[in-house]
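Observations on chain architecture
Residue-level listing of the chains:
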Amino acid sequence: MATPPLAPRPAKRPPAPHLHAAPLPLLEPEFDAGPIIRATRPDTPHVRAPRLLDSLGELVAGLVLIVGGVFAYGFMPIG
């Protein structure tokens, strides 16, 4: 004897061709004469500090690469 399934199966829906036959509405562009957003950062201490740290980090990384290359060339001469 087979047991019935625990969850009932959902009823099958008939296809709805009228949903796909309707043309899409044309969208009209809307332009506001609002303020222009600019990508300039304000000059405040909260903005200057990360820029300074970025610059110092780039400077330290460059110096480490150059000094490391000089030392590596001194320890392993080519030629």
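The present account deals with the structure reproduced in this document. Just so you know, these numbers come straight off a predicted model, no measurement behind them. (Residues numbered from 1 in each chain as written. Predicted model: local features only at pLDDT ≥ 70, side-chain atom pairs only at ≥ 80, totals over all residues. Heavy atoms only, no water.)

**Here we look at the overall build of the protein**
Secondary structure summary: the protein contains two helices and zero strands in total. Looking at the protein as a whole, 1% of its 79 residues are labelled buried. Counting only carbon and sulfur atoms, one obtains 69% of the accessible surface of the protein, whose full area is about 8,800 Å². (Helix = DSSP H or I, 4+ residues; strand = E, 2+ residues; numbered from the N terminus. Buried < 20%, exposed > 50% of the residue type's maximum accessible area, 1.4 Å probe, protein only. Areas by Shrake-Rupley, 256 points an atom, 1.4 Å probe, with all protein chains shown as cover.)

**Observations concerning a nonpolar patch on the surface**
A cluster of nonpolar residues, Leu-52, Leu-53, Leu-56, Leu-59 and Leu-63, forms a patch on the protein surface that exposes about 510 Å² of accessible area. Among the secondary structure elements, Leu-53 is positioned in helix α2 (residues 45–75). The class for Leu-53 is exposed, based on a relative accessible area of 60%. (Patch = residues over 30% accessible without salt bridge, like charges linked within 9 Å, V, L, I, M, F, W, Y side chains within 5 Å. Salt bridge = Lys/Arg side-chain N within 4 Å of Asp/Glu carboxyl O.)

So far we have only geometry, and geometry alone does not tell us how the molecule works.
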